[in-house]
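Architecture and fold: a report
Here are the chains, one letter per residue:
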Amino acid sequence: MATSDVGGAFAPLALRDLLVELNDLKRVHSSGRLGSIAERLFFQGWSALTAGADAATVALDITAKALAAARLCDLDDAFLSSAGLSRGEVGDVLVAGLDAVAANVDPGLLEGLRLRLRRREAMRAGPIPGFVEALADQPRAGVTCPGKARILLEPPENHAEHCLVVAVYGVVLSPFYGADPTTVFLAGMSHHFHNAMMPDAGFTGEMLLGPHLATIMARTTDLALKEIAAPLRAQIEAARTVLPDDSTPEGRAFHAADAIDRVLQIAQHLRSASLTMDTVLTEMELVHAGPVKDFHDRVLRDMRIP
């Protein structure tokens, strides 16, 4: 297994395309469903945890759903079941979605993800803590740097979306770092507890708080932790001990996931801005093969589009 030892790679390049694709779960919405897929998976994860589900199972379940959704979007378990597919047929579709993007995922992890998508029963739903909804309402700061005006990119992601994607990235990256994926998942899901109450002014605002920053973050984090009952609270607190540095495999997996998500969030804005019509029509086949493609092509040519 590749490692981040001196002289070795510090991150698995083979997973880059998958992480780029997963980042778009923050921006996929569907009729009748509130929030993006990433936001809704954040709610589902916390609901399962507060219901008492095993944290390792929740980490696999949410990660499996996220990877399947990378291509299937909201053609998920709930929709497929409501459309009349059998349990086995639903599992087949979801695993096909997973396999479409997971060629470079660690084989052992991949098998666990497949098994979660073929499960026979859904996890019980528990109460949604207040901090979950608060994080979904809290926008991220954008690009900030002390002494400079911020750069705002619309629409902004929210903290629930960021935490969910970091948690899923963390699970996918954990085998590379030899990290426990459950610990990394819980760290990702909880690492912005302070922003449930604390507005996000970015790095700039944090530096301007000066000596008050640590106290404010501790107080606001504690308010979120108090919403969680034992023994889950102890698990979350233990997972959060990896947040300060990269001295552990779990810390390295978490910080890799966090850095990758923060930069890919900006990269998608740049990717959209640089999109060309040649990419849309030729590479992505917007006017795709079918019985009326020739007619479509002639219409566009006569209209001088593009």
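Above: the structure in question.
Heads up: these notes are all about the structure in this document. (Residues numbered from 1 in each chain as written. Predicted model: local features only at pLDDT ≥ 70, side-chain atom pairs only at ≥ 80, totals over all residues. Heavy atoms only, no water.)

1. Let's talk about the overall build of the protein
Here is the rule: Comment: elements are numbered from the N terminus, with helices defined as DSSP H or I runs of at least four residues and strands as E runs of at least two. Based on C-alpha atoms, the radius of gyration is set beside the globule rule, defined as 2.2 Å times the residue count to the power 0.38. For every residue, the accessible area (1.4 Å probe, protein chains only) is compared with the maximum for its type, and the residue is labelled buried under 20%, exposed over 50%, or partly exposed between those bounds.
From N to C terminus, the protein includes 15 helices and 2 strands. Relative to the globule expectation of 19 Å for 306 residues, the C-alpha radius of gyration of the protein, 21 Å, shows essentially globular dimensions. Taken along its principal axes, the extent of the C-alpha atoms in the protein is 65 × 50 × 45 Å. A total of 306 residues make up the protein; the buried ones form 43% of that total.

2. Quick notes on the layout of surface pockets
The criterion, for reference: The method works on a 1 Å grid over the protein atoms by themselves. A cavity is a set of points holding a 1.4 Å probe that cannot get out, a pocket is an open set with protein on both sides within 12 Å along at least five of seven lines, and residues with an atom within 4 Å of a point line them. Grid points are joined across faces, edges and corners, and a volume is the space filled by probe spheres set on the points. Ten residues, namely Ala, Val, Leu, Ile, Met, Phe, Trp, Tyr, Cys and Pro, are considered nonpolar, four, namely Asp, Glu, Lys and Arg, are considered charged, and the remaining ones, Gly among them, are considered polar.
Taken as a whole, the largest pocket spans an internal volume of roughly 870 Å³. Contributing to the lining of the largest pocket are 33 residues, with R140, H192, D200, G202 and R262 lying nearest its centre. Only β1 (143-145), α8 (159-177), α10 (202-209), α11 (213-225) and α13 (249-273) provide two or more residues apiece to the lining of the largest pocket. Element by element, the count of residues in the lining of the largest pocket is highest for α13, at 9 residues. Broken down by class, the residue content of the lining of the largest pocket amounts to 12 nonpolar, 13 polar and 8 charged. Approximately 430 Å³ is the volume attributed to the second largest pocket. In terms of lining, the second largest pocket is formed by 25 residues, of which the most central are Q44, K65, D76, D77 and R119. Elements supplying a minimum of two residues to the lining of the second largest pocket: α2 (37-50), α3 (55-72) and α4 (77-82). When grouped by side-chain class, the residues that make up the lining of the second largest pocket number 14 nonpolar, 2 polar and 9 charged.

3. Quick word on helix α7 (residues 130-137)
The condition is simple: By construction, the arc corresponds to the directions joining the helix axis to the C-beta atoms. The criterion used for residue contact is that any of the two residues' heavy atoms lie within 4.5 Å.
Turning to α7, its buried residues are F131, V132, L135 and A136. Seen along its axis, α7 keeps its buried residues to an arc of 140°; they face one direction. Tucked into the core, α7 has its buried residues touching α2, α8 and α11.

4. Here's the deal with the pairing of strand β2 (residues 148-151)
Operational definition: A pair of strands is considered paired only if DSSP assigns at least 2 bridges between the two.
Pairing analysis gives 2 bridges linking β1 to β2, with the strands arranged antiparallel. Paired with C145 across the strands is K148, a residue of β2. The turn linking β1 back onto β2 is made up of 2 residues, and G147 within it adopts a positive phi angle of 85°.

5. Let's talk about the packing of aromatic side chains
Selection criterion: The rule is short: rings of Phe, Tyr and Trp, with Trp giving its six-membered ring, pair when the centres are within 6.5 Å, and they are stacked under 30 degrees, edge-to-face over 60, tilted in between.
Tallied over the full model, the rule gives 4 aromatic pairs. Taking the centre distance of 5.0 Å and the plane angle of 85° together, the rings of W46 and F131 count as edge-to-face. Within this pair, whereas W46 is found in helix α2, its partner F131 is found in helix α7, the two being separated by 85 residues in sequence. When sorted by exposure, W46 lands in the same class as F131, which is buried. When the centroid spacing of 5.9 Å and the interplanar angle of 40° are considered together, the rings of W46 and F193 count as tilted.

6. Some thoughts on the nonpolar core
Note the cut-off: In these notes, a set of buried Ala, Val, Leu, Ile, Met, Phe, Trp, Tyr and Cys residues joined through side-chain atoms within 4.5 Å is what counts as a nonpolar core.
Judged by nonpolar contacts, the single largest core of 74 residues is most densely connected at L22, F42, W46, L67, V105, L164 and F185. Counting residues per element, this core draws most heavily on α8, at 13 residues. Beyond its immediate stretch of four places on either side in the chain, L22 contacts A66, L67, A70, V168 and Y169.

7. Focus: the packing of α3 against helix α9 (residues 181-190)
The relative placement of two packed helices is expressed as an angle between their axes plus a distance between the axes. Just so we agree on the cut-off: Every angle, taken between N-to-C directions, lies between 0 and 180 degrees, and every axis is a line fitted to C-alpha atoms, over only the stretch in contact when it is a helix. Angles below 35 degrees are treated as roughly parallel, those above 145 as roughly antiparallel, those between 65 and 115 as roughly perpendicular, and all remaining angles as oblique.
Packing of α3 against α9 brings their axes to within 9 Å, and their N-to-C directions diverge by 75°. Judged on the interaxial angle alone, α9 and α3 are roughly perpendicular. Contacts between α3 and α9 involve A55, A56, V58, A59 and I62 on the former and, on the latter, T182, F185 and L186.

8. Here we look at the environment of A149
As for its placement among the helices and strands, A149 is situated in strand β2. For A149, a relative accessible area of 71% corresponds to the exposed category. In the structure, A149 is positioned 155 residues away from R304 in sequence and 42 Å away in space, judged by C-alpha atoms.

9. Description of the side chain of D261
Along the polypeptide, D261 turns up in helix α13. Of the residues examined, D261 reaches a relative accessible area of 0% and is grouped as buried. Non-local contacts of D261, meaning those with residues more than four positions away in its chain, are made with N23, K26, E157, H162, V165, V166 and Y169.

10. So, the pattern of salt bridges
Close approach of charged atoms lets side chains of opposite charge pair. Here is the rule: Every case where a carboxyl oxygen of Asp or Glu lies within 4 Å of a side-chain nitrogen of Lys or Arg is listed as a salt bridge.
By the definition in use, this model includes 22 salt bridges. The shortest N-O distance in the salt bridge between R116 and D61 comes to 3.0 Å. Taken together, the positions of R116 in helix α6 (residues 107-117) and D61 in helix α3 put the pair 55 residues apart, joining distant regions of the chain. Comparing R116 with D61 shows no difference in burial state: the two are buried. Its salt-bridge partner being D61, residue R119 comes within 3.5 Å of it at the nearest N-O pair. Of this pair, R119 sits in the loop between α6 and α7 while D61 sits in helix α3, placing them 58 residues apart in sequence. Accessibility assignment for this pair places R119 and D61 in one class, buried.

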